[in-house]
Amino acid sequence: QVLLEESGGGLVQPGGSLRLSCSASGDTDIIINMAWYRQAPGKEREQVARIISGGQTNYADSVKGRFTISRDIARNLLYLEMHSLKPEDTAVYYCYGRARIRGYWGQGTQVTVSS
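Conventions used here
Residues numbered from 1 in each chain as written. Predicted model: local features only at pLDDT ≥ 70, side-chain atom pairs only at ≥ 80, totals over all residues. Heavy atoms only, no water. Core = buried A, V, L, I, M, F, W, Y, C linked by side-chain atoms within 4.5 Å. Buried < 20%, exposed > 50% of the residue type's maximum accessible area, 1.4 Å probe, protein only. Helix = DSSP H or I, 4+ residues; strand = E, 2+ residues; numbered from the N terminus. Disulfide = S-S within 2.5 Å. Pairing = 2+ DSSP bridges.

Participant: I'm lost on the nonpolar core in this one. Help?
Facilitator: Nonpolar side chains tend to gather and get buried jointly when the protein is soluble and globular. By size, the foremost hydrophobic cluster in this structure holds 29 residues, and its most contacted members are Trp36, Leu80, Met82 and Tyr93. Those elements that place two or more of their residues in this core are strand E1 (2-7), strand E3 (18-26), strand E4 (33-39), strand E5 (46-51), strand E7 (67-72), strand E8 (77-82), strand E9 (91-98) and strand E11 (109-113). The leading source of residues in this core is E3, at four residues.

Right under this line is the structure:
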């Protein structure tokens, strides 16, 4: 079993920055790849950024150049650095960890971009 817990969300003005963190606990050795997803009100959950074993990263077009995903495997931490935030980035952000036979979700952290 793996537990994921996000932190770092909050209210930020347009153009501002936030760093989200995801702390993993439990049987973390089974996690292969990790990602950040977000879900805005009335919209489907979408993948924002992904980091796979070996460190390769992928980003949604809407966040390329503004968001950076990184992982500290030794400390069981996943990060999402977000810059130049826009109102359309407002959503609940979820940490996701993929093991061989199933995935695990955190409970989410709210990010609100508003003046």
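Having seen it, we continue.
Participant: What is the right way to look at the state of the cysteines in this model?
Facilitator: Defined simply, a disulfide is a covalent bond joining two cysteines at their sulfur atoms. Taken as a whole and judged by the stated rule, the model has one disulfide. One disulfide bridge connects Cys22 with Cys95, the sulfur atoms lying 2.1 Å from each other. In this structure, the disulfide formed by Cys22 and Cys95 twists by about -75° around the S-S bond and is classed as left-handed. With Cys22 in strand E3 and Cys95 in strand E9, the pair connects residues that are 73 residues apart, well separated along the chain. The same class applies to Cys22 as to Cys95, namely buried.

Participant: Would you mind showing me how to read the pairing of E8 here?
Facilitator: Strand residues, when the strand is regular, have side chains that alternate between the two faces of the sheet. Among the six residues in E8, five count as buried, and that is most of the element. Looking at chain direction, E3 and E8 are connected through six bridges and run antiparallel. Paired with Arg19 across the strands is Glu81, a residue of E8. Both E7 and E8 contribute to a ladder of six bridges, which runs antiparallel. Bridging from a neighbouring strand, Arg71 pairs with Leu78 of E8. The turn linking E7 back onto E8 is made up of four residues, and Asn76 within it adopts a positive phi angle of 55°.

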